Amino acid sequence: MDTRAQLDAIRARAEEELAAVSDLKELDAIRVKYLGKKGELTAVLKTMGQLSPEERPKVGQAANEIREIITAGVEKRNELLKAELQAKKLEAEAIDVTLPGTKVEVGKKHPLSIVLDEVKEIFLGMGFEVAQGPEVEWDYYNFEALNIPADHPARDTQDTFYITEKMLLRTQTSGVQIRVMEKKQPPIRMIAPGRVFRSDAVDATHSPLFHQIEGMVIDEGVTMGDLKGTLETFAKKLYGEQTRIRLRPHHFPFTEPSCEIDVSCFKCGGCGCSMCKGEGWIEILGGGMVHPKVLRTGGIDPDKYSGFAFGIGLERIAMFRFGLDDMRHLYENDVRFLDQF
Ligand code: DAH
């Protein structure tokens with residue numbers, strides 16, 4: 001084959017390969033194969049010395065033309081392949097805005113937290129502070145200091161889980177009264193919300209774990225009238241302006257006198273309905289005047305100061321507030337229930 005024919009054959013093959021090339025790496029290999037220093041075209045040019053002087057410039061020109069043709073072909077292919085690549089990339093990255101999105105579940109406040117926050121808000125508005133005590137408590141704070149000695153029958157109704165003979169899971173938040181008195185002299189206005197524990201079997205109205213909100217006010221000249229006024233304001237704020245309260249005599253070892261406090265049923269207004277079991281009234285808390293013995297134990301002079309205290313059952317007021325018939329719903333963490341608040 002003469003040099004001319006060789007050049008034509010190279011051109012034909014290069015064009016064929018260029019037409020078939022499908023990626024940039026292959027394309028580069030073709031470029032090196034034909035145009036590189038050790039490429040086919042160079043190899044042919046090296047044999048030009050064997051040509052006659054007349055033929056040499058003609059073949060040289062033809063070789064240059066072919067080099068240009070192949071170079072242009074490689075560039076064109078390069079651009080095409082890059083464009084194809086870009087198009088594929090864009091296609092792969094395309095977002096289908098019609099696809100349903102991923103739902104973000106937003107949590108909600110637990111009904112007990114909703115009511116507790118409301119109660120706190122009401123008392124903070126009346127100048128109360130929020131205090132706290134430990135859930136694992138000494139027998140002293142939970143019973144002894146509250147005028148409930150070891151042989152007192154009130155202990156029977158508040159059996160609990162004992163860690164040692166002197167350490168237990170608190171049965172009431174009332175112990176926080178003593179803890180606050182030990183730290184502070186009157187005037188005192190505090191509420192102490194928290195978990196309490198009793199060895200009760202679970203049913204619609206009982207749970208071995210529940211919540212109370214303790215309240216206590218101590219100052220000079222505090223009377224039962226202050227207790228009534230404070231709790232009436234509280235009840236109206238919580239259940240509405242039309243709400244009335246009534247005090248029934250009761251007994252608690254740490255208050256004297258003591259009472260239980262009912263609110264008029266917010267559903268029927270006091271006529272009697274299924275919510276209040278026909279009574280017209282719903283018991284929501286216990287209270288009374290802090291016993292002088294308890295004040296003295298807490299380091300406060302009962303001849304100078306007096307005070308009232310009360311204990312609210314958080315579950316009870318939440319159940320009435322939301323019309324719940326079973327306390328267990330509050331602890332089961334069923335989102336179908338919790339979602340409704
Ligand atoms: N601790 C009482 C209970 O669990 C509730 C209570 C009654 C608290 C009277 C008080 C109070 O502070 O004065 O049944």
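Refer to the preceding data block for the structure.
So, here is what we can say about the structure in this document.

Quick notes on the rules
Residues numbered from 1 in each chain as written. Predicted model: local features only at pLDDT ≥ 70, side-chain atom pairs only at ≥ 80, totals over all residues. Heavy atoms only, no water. Axes fitted to C-alpha atoms, helices over the stretch in contact; angles between N-to-C directions. Helix = DSSP H or I, 4+ residues; strand = E, 2+ residues; numbered from the N terminus. Parallel < 35°, antiparallel > 145°, perpendicular 65-115°, else oblique. Contact = heavy atoms within 4.5 Å. Nonpolar A, V, L, I, M, F, W, Y, C, P; charged D, E, K, R; others polar. Expected span 1.5 Å × (residues − 1). Polar contact = N/O pair within 3.5 Å; in protein donor to acceptor, adjacent residues only side chain to side chain. Near = heavy atom within 4 Å. Buried < 20%, exposed > 50% of the residue type's maximum accessible area, 1.4 Å probe, protein only. Phe/Tyr/Trp six-rings, centres within 6.5 Å; stacked < 30°, edge-to-face > 60°. Lys NZ or Arg CZ within 6 Å of the ring centre and 35° of its normal. Salt bridge = Lys/Arg side-chain N within 4 Å of Asp/Glu carboxyl O. Arc of directions from axis to C-beta. Pairing = 2+ DSSP bridges.

Turning next to the packing of helix α5 (residues 111–125) against helix α10 (residues 314–322). The N-to-C vectors of α5 and α10 enclose an angle of 100°; their axes lie 9 Å apart at closest approach. Between α5 and α10, the interaxial angle falls into the category roughly perpendicular. Mapping the contact onto sequence places P111, L112, I114, V115, L116, E118 and V119 in α5 and L314, E315, I317, A318, R321 and F322 in α10. Its residues placed into classes, the contact of α5 with α10 shows 10 nonpolar, no polar and three charged.

Because each turn of an α-helix spans 3.6 residues, side chains separated by three or four positions end up pointing in the same direction. Taking 1.5 Å as the rise per residue, helix α2 (residues 24–35) with 12 residues should run 16 Å; its terminal C-alpha atoms sit 16 Å apart, in good agreement. Along its buried surface, α2 packs onto α1 (3–20), α3 (40–46) and α4 (55–93). Its side-chain oxygen placed 2.9 Å from the backbone nitrogen of K25, D23 serves as the N-cap of α2.

A separate point is the site of the ligand. Around the ligand there are 15 residues in total, and Q172, S174, R198, Q212 and E214 lie nearest to it. Between the ligand and S174, the relevant distance is 3.0 Å, taken from a nitrogen atom to a side-chain nitrogen or oxygen of the residue. Among the elements of the structure, β5 (209–219), β8 (281–290) and β9 (306–313) are those that each provide at least two residues to the shell around the ligand. Here the residues of the shell around the ligand are counted per class, giving four nonpolar, nine polar and two charged.

Glancing now at unusual backbone geometry. Cis geometry is adopted by the peptide bond preceding P187, which originates at P186 and carries an omega value of 5°. Considering the arrangement of structural elements, one finds P187 in the loop between α7 (175–183) and β4 (188–197). Phi is positive for K277, which is not a glycine, with a value near 55°. Mapped onto the secondary structure, K277 falls in the loop between β7 (255–264) and β8. By relative accessible area, which is 72% here, K277 ends up exposed.

Within this structure, the stated rule accounts for nine aromatic pairs. Taking 5.0 Å as the distance between ring centres and 25° as the angle between the ring planes, the aromatic pair formed by F123 and F234 counts as stacked. Note that F123 is positioned in helix α5 and F234 in helix α8 (residues 224–239), a separation of 111 residues in sequence. On the basis of relative accessibility, which here comes to 0%, the residue F123 falls in the buried class. For the pair Y140 and Y141, a centre-to-centre distance of 5.1 Å together with 80° between the ring planes defines the contact as edge-to-face. Accessibility expressed as a relative area gives 35% for Y140, which makes it partly exposed. Judged by relative accessible area, which is 12%, Y141 ranks as buried. Through a chain of ring-to-ring contacts, the aromatic side chains of F123, F128, F234, F308 and F310 assemble into a single cluster. Here the guanidinium or amino end of R179 rests over the ring plane of Y141, the centre of that ring lying 4.1 Å away.

In total, this model carries 16 salt bridges according to the counting rule given. Note that K109 and D117 form a salt bridge whose closest N and O atoms lie 2.8 Å from each other. Residue classification places D117 among the partly exposed positions, given a relative accessible area of 30%. Residue R155 pairs with D139 through a salt bridge whose shortest N-O separation is 2.7 Å. Within this pair, whereas R155 is found in the loop between α6 (139–142) and β3 (167–169), its partner D139 is found in helix α6, the two being separated by 16 residues in sequence.

This brings us to α8. In this model α8 runs 22 Å from its N-terminal to its C-terminal C-alpha over 16 residues, within 8% of the 22 Å that 1.5 Å per residue would give. Taken as a whole, α8 has its buried residues at L227, T230, L231, F234, A235, L238 and Y239. Angular distribution of buried residues about the axis of α8 spans 135°; they occupy a single face of the element. Looking at the buried residues of α8, the elements they touch are α5, β6 (245–252), β7, β8, β9 and α10. Near the N-terminus of α8, the side chain that reaches the backbone nitrogen of G225, with its oxygen 3.1 Å away, is that of T223. Positive phi shows up at G240, right after α8, with a value of about 115°.

Here we come to the sheet that holds β9. The strand order across the open sheet formed by seven strands is β1-β4-β5-β9-β8-β7-β6, and the pairing between neighbours is mixed. One side of each edge strand has no neighbouring strand; the edge strands of this open sheet are β1 (129–130) and β6. This element, α8, spans β6, β7, β8 and β9 of the sheet and lies at about 30° to β9.

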